[in-house]
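Remarks on the overall topology
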Amino acid sequence: MKRRRRKPGSGLKSFSATCLRFVPFFRNPVPEVFGVGLSWNQRLDSPAAVSGPVRTSSEAESLWMKNVFTFICQHLSPGSCGPASSCADQSSSDVCCNHSVYQLSVYVLQKIQEMCVAHSLPVSYRLLSISELVSQQHLACVSNLSWTTNQQRAWTKEAELCLPGERALPRVNLLLIGFLREGQGGEWRLTDSSGSVRCECLSPSPLWLSRPVFLPHWNYIPHDSSGHEKDGGCLELIGSPVLLCPDAGQGLVAGSGGGEGLSRAVDVTQAAGLLQKRVRGQCVSVYGQVGAVCPLLEMEGSTFFFFTLTDKTHSLPVLVKDNRLWWSSCVCVGQSVCVTSLRVCVLRGWRRNNILCVTEHSEIHTNFTPTHTQQQTQSDSQLDTPLLVMSQTDEVACEEAEPEEDTFQSGWKMKNSRVISYQGTVSEVVSEGAGLYVLDRKVGLCVAYQPAARRKLRAGDGVELHHVHFLYRPSPDFPPSMLCCCLHSSIRVTAFSRLGGTPPAPRCPGDGVLPRLLLQKNTGVSEYLWTCHLASQLSHSLLPGVLKQQCVCPLSWKLMETLWRRRGRRRRDIYSEMLDEVHTCPLTQYPADPAVHQYLSVFDLLQSLESSCWSSLSLKSLLPPDGSSLTRSQINSALSWSCRTLSSDPGTGDSLRLRPLLLVGVLQLPSQTSELKHVLHLRDATASVACIVTETSEEDDGRQTSFFNTAWIGCLVCVLRFTMVTERFLQSDFPSYQHLDQERFITHRRCRVYLQFSLDHLLILSPSAAMATYLKHKEEESGGDVTLKNPTEEEIIGRKRKREDDDSSSSSVTMATCTGGGDSRPCVSMVIRVEEKEGMTWKNTRPEEEEEVGLQLCFSVRAAVIGPLVSWGRDPKHVPMMDREVDIEKEEKVVLVFSGVSARWFPVLQPACFYRLVAANTQDPSVLIGSGVHGQSGVELHTDSTLQIRSDWRFHTLTRPPLLLTCRQVVSPHVLSVSEALDCSSEMLCVQGLLTERIHTQSEHTHTGTHSGVRLTLCDQTGRSLRVYLDLSHTPYLAGLLPGNTLLLSGFQRKLSRSGSVYCSYLHVSSITVMSLGDTSHAPPPPAPMMHLGPWSMSSEEQSIMGQVRGHLVCFLFLQLQWICSVCGSLYTQSCRSRCGSSSSRFQSKAKLVVDDGTGEAHVWFSGVMVRHLLGLADSQWEGLQRALRTRGHIRVYPRGRGLVCDGGSDDPLLHFLLCVCSSDVVCRPIFITCRKHTNQKSEEVRRFSRGERDFLTRLTRPLQLTCVHLFTE
């Protein structure tokens, strides 16, 4: 349907008629509405009031126009909007205020009609008041009057393609009208009669202030950085507002002598001379180019900012404060401005003193160029490039901008930053509260060294940075190229983000704690970036019940100060930082250390270890150097168990990462679902890992001992140094060495991961209630001087955190089945000394009410009760022992039985340690009286009593109890060394030694499918060794049995083998405890003792098995080289002679030599690669010898044998070659070897000798028979 064309002028009449119909709907009479005494017709017919026709084509448009008039009348009339801002020029304000509502309405309608498609009125849009916007619009949105549907779709698609995964702002059909006025702290606000909202502009003009404006294009962001609505959100003007006073610019220039001030303006060079000769009361107008814009600062209740005016030779600082703070949004670097009515003043605290300061009559004129210098300024501005300008395309330039000159300060390599300018787009908000962003997906941005801005940057914002510091690799956790803003830097948003995003979670560090700590401590940028990254990770990995969100930042900061240990910087000179021409600030230099600590969550650590467990494994590396000569059973037995140890510090050994690692978590007792139930666990919100923990004994000369202090349970700790252990279990059936690269022969494999560390390498971040009590009383005992390796809780957390720990620590110590209660619950206790502890085994016992029927873990402890039962009003925890708790004369014995849930106390109960056993939530002392015992007076205990430990009972360690010094003489059974265990005659032993070797046998565990038979070899300082055989089929898996660790074996049975060798066997009551941690990655056994062959041959079997010998090679007695089948071990020529069908073979060498050391001689057997070293053959010669034997299969040589026939004929060249080699002077040389003595050899042998026709039988002493296990070569 075609629209009928109107006659010229008909639109004005229609518009006038429509206006007349609106009069009855006005709330106020017409004269009051317009504010003057003229009639409606007089106003309507005034030619000055209407600048053009407004056409309407339907009743909808007429009604829409009616709503516009009504809205402007209610919200924008001069009487309803209040007085104009005091900072605006009064004469120019009168120009706008004298415009009637009718004139504003007509002007608004004309502008709207010009912007719309087909110049029709947008009836789908509606005007919205500020109060409605703030109260009703809770989602971020965008409004653009000039958009078509296709334009809006293209805009949305383009915005979402720039940052994939983000959603563009939704469009709303809303219009805003109001006054732009100055707010608090220099902010701009859009105001109408209903309220105001903060307004952000890209390039605001001073002409806009206190003027009625119409906003056709804008974004609205209702939430602040924490995700909560605050101060009505923020309005972003994505386009220039439409001024509703056409003559506003003229009024501004003419008012208050503005034209006179501009005509007397001087340039920067001339104004610089006035600074040297300050005249009281003199004001000057200065024009120039803006060189720098500093951020707003608030000090001692005063808010101000600086900007500098520059020309070719001089730079002048200008101080802006009071009611001119809104200038901070109008000035930008590179802009030409003129500032009027400036006076010279003295700035205390800055060595140059004199600066220019604004007055109450000062005005600023942007984009100002004097007429007589217009052409010169335009030409010079193109050549004046004082700063290096970079953008997102200058990636190569950024990487090459790394400073070449480095300095060293306090052992740190220091780098110098560069000051540049940069333009880019915010692609990621790393941490809004910490002031960390990513630009163009490659460049990091840190704004923490500046005061927090009113508007936080959003993903998608276009920014322009000036005087920003470029740093290359200040932190390995952030992009290599980092931009950091100081007080001299300026950040200007050139384009508002098109993306809505999601409100940031109210999570630390989003609350700005870290920037406040940065300003207080004046820390370097590298430390700050590391702390921010750690706080971000801890906020996701810490247990929710252990730490509140606001505590993450202070803990991260304290941890940073502990690890970095750098001297504090000088006090920050803010005036020099902002105003000095030779710029210095905390960002000028920064340390470059790529080996800073790296935090990992427990889950990430376990995942990395398990994924690299098999991927980095070479099966051939698990075999000895002569692995190719092993049989099938030997290969599969050697592969059945292997261990991989990694250090947390790459400087001390192989590591998982290139940087030292950190772990943060809570120490807890093992749970029922834990796989490793003998040890403690470190838990965070992601996972839990088993830990072998030792500590330094305060009584035993600082030696390491097993973990026993229960105060550590429930503490939030940081593990600074630890060892990562991965035990691999492999079931395989490899036929030969050549088949190791074929995984089809692997039938099953699994791994176990755990940690090893000492309490000396822990840092307490948040103590448990028991630890807080322990530290408090320890400080009182030492007179306030506690020499601890860890800081006290007052140095780490605040009072609020300590109260929360007191309430939550009991849950971290007690079992999950314990419900409710707190520290104020009544309880009874008794003090015990542990004398013996049996091992943990699976037994079928009667469970408690909360437990299920079936096999349960059980163990028992034999202890001495050294005092009576005591009642408490609350849990005493680690309170020092009272006099009433000790009665040494009435010491009684008791057997404590642990089963099910209570078995979790196994890791902390150690012999010779004192504990307070607490039965919670009761005042009945009979609960601690053992079964079968009749108590007299309710408290007396008798011997041989048994006490079943309940799940909610607790143990508290009593360290260095002064009342128990006399009890130390009655301790656990004597601990023997390896030498003492070999020489003693006791059947049950408690022995301690260094683990040097671990070998798995072929017996399989019925439950797990892994090998349960283990053979351990223990040594002491003398080098003597003891073999221990374990059967782990009825006990949970024992972690920590690694070569290099020192073990305490309790309750083991001493046995003698058929050959007379001493060994120990594991029983159900046996217990193994890791006493100290060694270098498990490189743990060579202690050197065997030096032995003389003569005395050694006469010594007993069990006293000396291993020994080192220095002697001389006398001769070869026997040499055998052969190829055998890898499967069956038969002789192999072209094929296996036993016809087993195998096509693989291995080379085997064996030799017997005579060694003499001057005290006697011995026959020593050598095998494998040691034979090549004895023969003095090179690798190529040895390989050639193997090829020569391939066809014949084997050769046997007796160089000194009489009556012994060698393989091969007299003309065999290979035989002659070997005979010559065995008889050469190269072979007969000094030798240094480690040997094992044969245990089943006979002391004498009968030999037959022939003399003529007679034979003689003679008994001869058999030579000492040894097997070489190691040949020391040069």
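**Observations regarding the overall build of the chain**
For the chain, the count of helices and strands is 26 helices and 58 strands. Taking all 1274 residues of the chain together, the buried fraction comes to 53%. At a minimum sequence separation of 6, the contacts of the chain that also span at least 24 residues come to 71%. Carbon and sulfur atoms make up 49% of the accessible area of the chain, which totals about 59200 Å².

**Digging into unusual backbone geometry**
Of note in this structure, S341 is not a glycine but carries a positive phi near 55°. By the secondary structure assignment, S341 is in strand β14 (residues 336-346). With a phi angle near 55°, H467 is a residue other than glycine that sits in the positive phi range. With respect to the helices and strands, the residue H467 is situated in strand β23 (residues 462-472).

**Description of the nonpolar core**
Counting 66 residues, the largest nonpolar core has L928 and F955 as its most contacted members. In terms of residue count, strand β39 (residues 855-865) provides more of this core than any other element does, 5 residues in total. Membership of the second largest hydrophobic core comes to 62 residues, among which are L457, V493, F496 and L543.

**Some thoughts on a nonpolar patch on the surface**
Side chains of F1249, F1256 and L1260 sit close together on the surface and give an oily, nonpolar patch of about 250 Å² of accessible area. Within the secondary structure, F1256 is located in strand β57 (residues 1254-1261). Take F1256: its relative accessible area is 40%, and that puts it in the partly exposed class.

**What to know about the pairing of β23**
In terms of burial, β23 is largely enclosed, as 11 of its 11 residues are buried. Judged from the 7 bridges that link them, strand β20 (residues 418-431) and β23 form a sheet pairing that is antiparallel. Looking at β23, one finds that Y422 is bridged to L465. Taken together, the 5 bridges between β23 and strand β25 (residues 490-495) define a ladder with antiparallel strand orientation. Within β25, the position partnered with H466 by the bridge is S490. By the bridge criterion, 4 bridges tie β23 to strand β24 (residues 481-484) in an arrangement that is antiparallel. Opposite L471, over in β24, you have M482 as the bridge partner.

**Notes on helix α19 (residues 632-639)**
Of all the residues in α19, the buried ones are I635, N636 and L639. The buried residues of α19 occupy one face: seen down the axis, they fall within an arc of 90°.

**Concerning the packing of helix α14 (residues 513-521) against helix α15 (residues 525-541)**
Axis separation between α14 and α15 bottoms out at 11 Å; the angle between their running directions is 155°. Between α14 and α15, the angle is such that the two are roughly antiparallel. Considering how the two elements wind past one another, α14 and α15 form a crossing that is right-handed. Contacts between α14 and α15 involve L514, P515 and L518 from the former and Y528, T531, C532 and A535 from the latter. Grouping the constituent residues of the contact of α14 with α15 by class yields 6 nonpolar, 1 polar and no charged.

**Topic: the confidence of the model for the chain**
In this model, the chain carries a mean pLDDT of 79, and residues with pLDDT of at least 70 account for 77%. Contacts for the low-pLDDT stretch residues 225-229, under 50 throughout, to residues beyond four places or in other chains number 14 contacts. The model gives residues 392-405 a pLDDT under 50, and that stretch makes 22 contacts with residues more than four places away or in other chains.

Rules of the game
- Residues numbered from 1 in each chain as written.
- Predicted model: local features only at pLDDT ≥ 70, side-chain atom pairs only at ≥ 80, totals over all residues.
- Heavy atoms only, no water.
- Helix = DSSP H or I, 4+ residues; strand = E, 2+ residues; numbered from the N terminus.
- Buried < 20%, exposed > 50% of the residue type's maximum accessible area, 1.4 Å probe, protein only.
- Contact = heavy atoms within 4.5 Å.
- Areas by Shrake-Rupley, 256 points an atom, 1.4 Å probe, with all protein chains shown as cover.
- Core = buried A, V, L, I, M, F, W, Y, C linked by side-chain atoms within 4.5 Å.
- Patch = residues over 30% accessible without salt bridge, like charges linked within 9 Å, V, L, I, M, F, W, Y side chains within 5 Å.
- Salt bridge = Lys/Arg side-chain N within 4 Å of Asp/Glu carboxyl O.
- Pairing = 2+ DSSP bridges.
- Arc of directions from axis to C-beta.
- Axes fitted to C-alpha atoms, helices over the stretch in contact; angles between N-to-C directions.
- Parallel < 35°, antiparallel > 145°, perpendicular 65-115°, else oblique.
- Left-handed = near helix turned anticlockwise from the far one by under 90°.
- Nonpolar A, V, L, I, M, F, W, Y, C, P; charged D, E, K, R; others polar.
- pLDDT = per-residue confidence, 0-100.

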